[in-house]
Amino acid sequence: QVQLVESGGGLVEAGGSLRLSCAASGRTFSRHVMGWFRQASGKEREFVAVISWRGGITSYADSVKGRFTISRDDSTNTVYLQMNSLRPEDTAVYYCGLSVAGTGKYDYWGQGTQVTVSS
């Protein structure tokens, strides 16, 4: 059974930065695609960023491109999301997900961490 635990959320002023972490256990972490998603109040969950196994390929939603950076440390089974130049519209619960097959379907999710950006 895979467990994903996010941390690092909080309250920050617009223009500030946060770094989210997602610690994984229960599976060979390095072999799987990892992604970050977010869900704002009253909205559907949306894609934020994804990183391939071994970290060679990354992709971002247009809304965060140039401001957010996804990375992974396979030695500690952790994926990160560095968020800079935060905006009020980035306010959401952020979730990490693990895709077993790497096809865009995510099989495991964390419990989420709240990010609130004040204007």
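Provided above is the structure to which this section pertains.
Residues numbered from 1 in each chain as written. Predicted model: local features only at pLDDT ≥ 70, side-chain atom pairs only at ≥ 80, totals over all residues. Heavy atoms only, no water.

**Student:** Which parts of the structure should I look at to understand the state of the cysteines?
**Tutor:** Covalent bonding between the sulfur atoms of two cysteines defines a disulfide. In the structure shown here, the tally under the stated rule is one disulfide. Across a sulfur-sulfur distance of 1.9 Å, Cys22 and Cys96 are joined as a disulfide pair. Across the disulfide from Cys22 to Cys96, rotation about the S-S bond amounts to roughly 50°, and the bridge is consequently right-handed. Here the residue Cys22 occupies a position in strand 3 (residues 18-25), and Cys96 occupies one in strand 9 (residues 92-99), the gap between them amounting to 74 residues. For the residue pair Cys22 and Cys96, the accessibility class agrees, reading buried in each case. (Disulfide = S-S within 2.5 Å. Helix = DSSP H or I, 4+ residues; strand = E, 2+ residues; numbered from the N terminus. Buried < 20%, exposed > 50% of the residue type's maximum accessible area, 1.4 Å probe, protein only.)

**Student:** So what exactly am I meant to see when it comes to unusual backbone geometry here?
**Tutor:** Trans is the prevailing form of peptide bonds, just as negative phi is the prevailing case for residues other than glycine. Here the phi dihedral of Asn77 falls at roughly 55°; this positive angle occurs in a residue that is not glycine. Within the secondary structure, Asn77 is located in the loop between strand 7 (68-73) and strand 8 (78-83). Its identity as a non-glycine residue notwithstanding, Ser85 has a phi of 50°, on the positive side. Of note, Ser85 is situated in the loop between strand 8 and strand 9. Given the relative accessible area of 42%, Ser85 is considered partly exposed.

**Student:** Quick question: what am I supposed to make of the nonpolar core here?
**Tutor:** Soluble, globular proteins show a tendency: their nonpolar side chains are buried together. One finds Trp36, Leu81, Met83 and Tyr94 to be the most contacted residues of the largest nonpolar core, which totals 28 residues. Of all the secondary structure elements, the ones that give two or more residues to this core are strand 3, strand 4 (33-39), strand 5 (46-51), strand 7, strand 8, strand 9 and strand 11 (113-118). (Core = buried A, V, L, I, M, F, W, Y, C linked by side-chain atoms within 4.5 Å.)

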